[in-house]
Amino acid sequence: MTDLARLHSGTPTAQIVAAMERDGAVIVTDFLAPDVLERFNRELDPLLGDARPGHGGEFVNDLVAAFFGDHVRHVAGLAGKSSTFVDEVLVHPVYEGVNRAVLGASCEQHILNIGHVMDRGPGAQRQYLHRDQLVWHHVPASAGQIQVSSVVALNDFTADNGATVVAPGSHQWPWERRPLESELAVAEMPAGSAVLYLGSTIHAGGTNSTRDTWRRGIHISYCAGWLRTEENQYLVVGPDRVRTMSTHARTLLGYTAHDGTATGGGYLGTVELAGPERLLDTGGL
Ligand SMILES: O=C(O)CCC(=O)C(=O)O
Ligand SMILES: [Fe+2]
């Protein structure tokens, strides 16, 4: 068994990024303040109360259903359901600093890929060990870093209740190398901490071998702004809702153009040939 570095959320971004570049992952402690955590959990309680373990089998296909299993409760599309998520988590300064440092060389602007609560119940089996960025398997490795992922603990994460497992250093392994059990670290951490990892780092949601403890975590990832996102954030958060949000949140939800013209590329995501913010503000959307 191996371990991950732990850094306080107040640590300078460069040190957090250095740990991620070295190990592929890092635990950031005190990521959410206790009052934010409490507010967020209060918002989630009724949503999880309505969620059926296994999501009623309603996944995009059978492979995805097997990946998530039938002992996990889901709240997907958080940006459209939780104001605490939008105001406190999506725009978190640690994410912003890390995203700029890690993704800045491969895009003009990063965006939210997914904001998804997974409540891993007793009996949940460990997910297939995977690299999140292989959802974009057509993108060649030469594209550089395209994704920053994370799991935020909303209650205490333990080896028994399904804490995320990570293979430190695996971001630098050949794609085909699989980790031995002895090469896995368990991201045990108190509620409010987060494990941040690169899209190329091998990891999985862990087995919940407890009788009665659920493991509540948010899977949040960001990606290069020129990628198609796993969650369709334009439909998760329509124009009327996004209009009420900060400029930063709008940008992270893809409601600005990705303008690469200054660096030899083109523009993406326009409406009527301009950035969507113009029409959003004038009521044209
Ligand atoms: O919930 C976790 O601990 C990890 C989730 C994950 O890796 C995923 O769904 O891609
Ligand atoms: Fe994952």
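Summarised in this report is the structure supplied together with it. Fair warning: this is a prediction, and the values are worked out from it, not measured in the lab.

So, on to the overall build of the protein chain. Within the protein chain one finds nine helices and 13 strands. Taken over the C-alpha trace, the protein chain has a radius of gyration of 18 Å; the compact-globule value for 285 residues is 19 Å, and the two agree within 12%. Counting only C-alpha atoms and orienting by the principal axes, one finds that the protein chain spans roughly 55 × 40 × 40 Å. For the protein chain, the proportion of its 285 residues judged to be buried stands at 53%. Of the contacts formed within the protein chain by residues at least 6 apart in sequence, a portion of 77% connects residues at least 24 apart. Accessible surface, the protein chain: about 12900 Å² in total, of which carbon and sulfur atoms supply 53%. The protein chain carries 21 positive and 32 negative side-chain charges, and their two centres are separated by 2 Å.

Turning to the pattern of salt bridges, a few remarks are in order. Tallied over the entire structure, the rule returns 12 salt bridges. Arg42 serves as the salt-bridge partner of Glu38, at 3.0 Å between the closest nitrogen and oxygen. On the criterion of helical spacing, the pair formed by Glu38 and Arg42 is a turn pair, its members being four residues apart in helix H2 (residues 34-50). Using a relative accessible area of 46% as the deciding quantity, one classes Glu38 as partly exposed. The partner of Glu58 in a salt bridge is Arg52, with the nearest N and O atoms 4.0 Å apart. Salt bridges linked by common partners bring Asp35, Arg39 and Glu88 together as one network.

Our next topic: the environment of Glu21. Tracing the backbone through its elements, the reader meets Glu21 in helix H1 (residues 13-23). For the pair formed by Glu21 and Gly169, sequence separation is 148 residues and the distance between their alpha carbons is 8.7 Å. If we skip the residues at most four places from it in the chain, Glu21 touches His171 and Gln172.

Here we come to the pairing of strand E4 (residues 110-120). Among the 11 residues that make up E4, 11 are buried, leaving the element largely enclosed by the rest of the structure. Pairing between strand E3 (residues 72-75) and E4: four bridges, direction antiparallel. For Val72, the partnering residue across the bridge sits in E4 and is Arg120. Relative to strand E11 (residues 215-224), E4 runs antiparallel, the two being bridged by 10 bridges. Along E11, the bridge assignment pairs Val117 with Ile218.

This brings us to the coordination of the iron ion (ligand 2). Protein coordination at the iron ion (ligand 2): the donors are His130 (NE2), Asp132 (OD) and His203 (NE2), at 2.1 Å from the metal. Mapped onto the sequence, the donors of the iron ion (ligand 2) take the spacing H-x1-D-x70-H. Grouping residues by exposure puts His130 and Asp132 together as buried.

So, about the site of ligand 1. In the vicinity of ligand 1, 13 residues are found, and the nearest of them are Gln127, His130, Thr164, His203 and Arg215. A distance of 3.0 Å separates an oxygen atom of ligand 1 from a polar atom in the side chain of His130. A distance of 2.9 Å separates an oxygen atom of ligand 1 from a polar atom in the side chain of His203. Alone, ligand 1 offers 290 Å² of accessible surface; in the complex the protein occludes 96% of this. Put simply, the parts of the chain that give the shell around ligand 1 at least two residues each are helix H3 (62-68) and E11. Here the residues of the shell around ligand 1 are counted per class, giving five nonpolar, six polar and two charged.

So, about the nonpolar core. With 53 residues, the main nonpolar core has Phe85 and Leu90 as its most contacted residues. For Leu90, the residues in contact, after removing those within four places along its chain, are Phe85, Tyr95, Leu112, Tyr222, Ala249, Leu252 and Leu253. Leu4, Val165, Val186 and Ala204 belong to the second-largest nonpolar core, a separate cluster that totals 21 residues.

This structure, assessed with the given rule, holds five aromatic pairs. When the centroid spacing of 5.6 Å and the interplanar angle of 25° are considered together, the rings of Phe59 and Phe68 count as stacked. Between Phe67 and Phe68, the aromatic rings sit 5.0 Å apart at their centres with planes inclined by 65°, giving edge-to-face as the arrangement. When its relative accessible area of 24% is taken as the criterion, Phe67 is described as partly exposed. An aromatic cluster of at least three residues, connected via ring pairs, comprises Phe31, Tyr95 and Tyr222. Here the guanidinium or amino end of Arg73 rests over the ring plane of Trp214, the centre of that ring lying 4.3 Å away. Sitting over the face of the ring of Trp173, Arg177 holds its NZ or CZ atom 3.6 Å from the ring centroid.

Rules of the game
Residues numbered from 1 in each chain as written. Chains lettered and ligands numbered in written order. Predicted model: local features only at pLDDT ≥ 70, side-chain atom pairs only at ≥ 80, totals over all residues. Heavy atoms only, no water. Helix = DSSP H or I, 4+ residues; strand = E, 2+ residues; numbered from the N terminus. Rg over C-alpha atoms; globule rule 2.2 N^0.38 Å. Buried < 20%, exposed > 50% of the residue type's maximum accessible area, 1.4 Å probe, protein only. Contact = heavy atoms within 4.5 Å. Areas by Shrake-Rupley, 256 points an atom, 1.4 Å probe, with all protein chains shown as cover. Lys, Arg positive; Asp, Glu negative; His and termini not counted. Charge placed at Lys NZ, Arg CZ, Asp CG, Glu CD. Salt bridge = Lys/Arg side-chain N within 4 Å of Asp/Glu carboxyl O. Pairing = 2+ DSSP bridges. Donors = N, O, S within 2.8 Å, 3.2 Å for Na, K, Ca; no water. Near = heavy atom within 4 Å. Polar contact = N/O pair within 3.5 Å; in protein donor to acceptor, adjacent residues only side chain to side chain. Nonpolar A, V, L, I, M, F, W, Y, C, P; charged D, E, K, R; others polar. Core = buried A, V, L, I, M, F, W, Y, C linked by side-chain atoms within 4.5 Å. Phe/Tyr/Trp six-rings, centres within 6.5 Å; stacked < 30°, edge-to-face > 60°. Lys NZ or Arg CZ within 6 Å of the ring centre and 35° of its normal.

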